[in-house]
Amino acid sequence: MNTVKITNSGTSGKLQMFNMGGIGRFFESLGKEYALLFASRGAAVVVNDLGGSFKGEGSDKRAADLVVDEIIKAGGKAVANYDSVEDGEKIIKTAIDHFGRVDILVNNAGILRDRSFLKTEELDWDLVQKVHVKGAYKTTRAAWEYMRKQNYGRIIMTSSGSGIYGNFGQANYSAAKLALVGLSNTLAQEGKSKNIHCNTIVPIAGSRMTQGILPPDLMDNARPDLVAPVVAWLCHESCPENGAIIEAAAGWVGRYRWERTRGVTLRKRTDEGLSPEKVRDSWEEISDFRGSLHPESNQEAAGLIGEIVQNLIENTTSSTPKSINYDDPVATALNWDPEGVQYEYTTKDVILYALAIGASIEDSNALDVLYEGGENFAPLPTFGILAAQETLSSSGALTGSLPGIEFDLSKVLHGEQYLEVLKPLRGEAILTSKLKITDLVDKKSGALIVCDVETRDESDELVMRNQFNIFVVGAGNFGGKRQSDKIVPTVEPPKRKPDAVVEYKTFSNQISARSILKRYANSDPRKFKAMKARFAGPVVPGQTLVTEMWRDGNRVHFATKVAETGKYALTGGYLDLHNIEELVPAPSSINLMSDIVFAEMQKRIGDNPQLATKANAVLQWNILKNGKVAKHWTLDMKSKPAAIYPNLPKNGLKPGATLSTDDEVTIEIATGKLNPQKAFMQGKLKVQGNIMLTQKLQSLLKAETAKL
């Protein structure tokens, strides 16, 4: 076996196998580009192509022959094979008969039989599974023995974004493509000891299968020859990747990985049951991806479950875990179980708190936190920290009377704070908060105490969680661990200029959370979900604070600095909202250029009601200005009569799909200057929901260009 160097002869001495499948006759396919590139690097190539249509019908030997001829004319080695991938052993036999070995196998054969799930027939399902999944199995299985004996092999499976994300009308194709990811992952494990690597490529490339799906400009740039080098590297003998999922398109290359939330253990002992209601009530925490995990193997994923089960068993067999040593001050602190502390507040307390952090009647939205008779009166979300602080103070956790550890209150620093609101606070209530010392970290120069506080209302329903990270100067060097996985992490903001900057004097407005709520949630505390920040420096009353904000979906990153010193007081902060509502003029009252597009649509429906009957869908179209929603349009083509109006859907209607475009982009699409598919692929048109419903807009968008 010759040494392989991609910079020189690349795959010299290696025998390559390529399935070109249903895309071979387009002559500009992925399979063809793979074959040409490998052959140009000195590899002997078997080009397999049945030569059928992209639906899996017919056959034509010319597809493989043309590629083989091109390789031979360029001085390369190649032979054609015309068998179906369902006869994979015949394809591998061709390689053995002509070249005596097989080193690399690229499973690339594929067909499409797209139909909605309701209309998919067994033939549509079976043919797609046979070509994609069974074909990959049969060919790989035939090559497997040879690769094991020679202690070398590189295998590529071909998946798709449809398999990873799903795609309307491709249930058969999506299922097959994700099945190949599972097959690849398993082969990566089984072949590792024999130096057989298996990886998955997720290509986006112009081919016969994507013709008519990708717009012409994108087809030209998403060329197969820009994917082939990625596959070549994955097949190189020095490439360490095994079990990877790699996406490639137009010269861009990225990698996928699995992500799992930390999850929630919904019982404390093995003899406890579990109810659907308990799952329901914990669903938001179950689905929270903050501090998520990225398991790389089934064993790693199952390891957490094993640890949880062991803890449940220990909790069941003994009320005191056997591992606890009460002579150990750290163990004493971690297993301290103080009583819950009640915190009763009235509307007066809520109003005084709001005034203390700068709420004023000069702000029209502030009446919701200053006037107890208001319809939407409620405490600011950060008011909930007071109940948790009361627990820390009453229990002694902040005053130096923590069991097992003694410290001087004057040495205490509040390092980080996390607040999560699970249920909006009422105007007055009696709350009970329970403290748990979650971890103790030895920072050498001091001790870091991680305190979790859960707060419940009168009905024992969990309403919020707080985490205080308390640093005690001079209390370190007790032999404890240096890191903790119990801390809710801070998150650095995006590396770009802030999306918004707010400046204020501390005597008039003293909290970053309120500034963020004002800008991104219309000062509605009910939209508050969670907040985290690190206290990085002091603030003197009267100083000017500057809060920088970066919006990222429903998360707003923030950092707050003191204008007079330029030093940051809060860093790594973020505030999660249930939904973003930036401060912009009332969406329905703004005049935009795109208004004429929707006026023309309404006219067309009025002139021809049959257009709406055929569409039979409700769509929401958000028009953006400077990146913010400036206007909502509803296209209700289900009701009788159909209606198109500027606002969110009325009467409880739910849109089947929601489109978002800039005002100018909407005009370009309507006038035909911008292909909708191209706009979607470029991120200029964003769609949530059933993307196939957007096709029903074609007849409505055929407005006369002169009128626009």
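Residues numbered from 1 in each chain as written. Predicted model: local features only at pLDDT ≥ 70, side-chain atom pairs only at ≥ 80, totals over all residues. Heavy atoms only, no water.

Draft legend 1. Representation of the pattern of salt bridges in the model. Per the counting criterion, the structure on display carries 34 salt bridges. The salt bridge partner of Glu145 is Arg141, with a shortest N-O separation of 3.9 Å. Here Glu145 pairs with Arg141, and both are found in helix 4 (residues 122-150), just four residues apart, close to one helical turn. Between Asp499 and Arg496 there is a salt bridge, and its shortest N-O distance comes to 2.8 Å. Residue classification places Arg496 among the partly exposed residues on the basis of a relative accessible area of 40%. Through salt bridges that share partners, Glu285, Asp288, Arg290, Glu420, Glu454, Arg456, Arg465, Arg555 and Asp576 make up one connected network. (Salt bridge = Lys/Arg side-chain N within 4 Å of Asp/Glu carboxyl O. Helix = DSSP H or I, 4+ residues; strand = E, 2+ residues; numbered from the N terminus. Buried < 20%, exposed > 50% of the residue type's maximum accessible area, 1.4 Å probe, protein only.)

Draft legend 2. Representation of a nonpolar patch on the surface. A cluster of nonpolar side chains, Ile305, Val309 and Ile313, forms an exposed patch at the surface whose accessible area comes to about 230 Å². Counting through the fold element by element, Val309 comes out in helix 11 (residues 298-317). (Patch = residues over 30% accessible without salt bridge, like charges linked within 9 Å, V, L, I, M, F, W, Y side chains within 5 Å. Areas by Shrake-Rupley, 256 points an atom, 1.4 Å probe, with all protein chains shown as cover.)

Draft legend 3. Looking closely at the packing of aromatic side chains. Applying the stated rule across the entire model yields seven aromatic pairs. Ring geometry for Phe598 and Trp633: centres 4.5 Å apart, planes at 5 degrees, overall stacked. Taken together, the residues Phe598 in helix 17 (residues 595-607) and Trp633 in strand 20 (residues 628-636) connect sequence positions 35 residues apart. In this pair, the class of Phe598 matches that of Trp633, namely buried. In this structure an aromatic cluster arises from ring pairing among Tyr343, Tyr345, Tyr353 and Phe383. A cation sits over an aromatic face here: Arg555 above Tyr574, 3.9 Å from the ring centre. (Phe/Tyr/Trp six-rings, centres within 6.5 Å; stacked < 30°, edge-to-face > 60°. Lys NZ or Arg CZ within 6 Å of the ring centre and 35° of its normal.)

Draft legend 4. Examining the pairing of strand 5 (residues 153-158) more closely. Taking burial as the measure, the six residues of strand 5 include six buried ones, the bulk of the element. Here strand 5 shows no split at all, with Gly153, Ile155 and Met157 on one side and Arg154, Ile156 and Thr158 on the other all buried. Bridge count between strand 4 (residues 104-107) and strand 5: four bridges; the pairing is parallel. Its bridge partner being in strand 5, Leu105 is matched across the sheet by Ile155. You can see the chain leave strand 4, run along helix 4 and come back into strand 5, and the turn it takes is right-handed. Pairing of strand 5 with strand 6 (residues 196-203), which is carried by six bridges, proceeds in the parallel orientation. Directly across from Thr158, in strand 6, lies its bridge partner Ile201. (Pairing = 2+ DSSP bridges. Right-handed = clockwise from strand over helix to strand, strands pointing away.)

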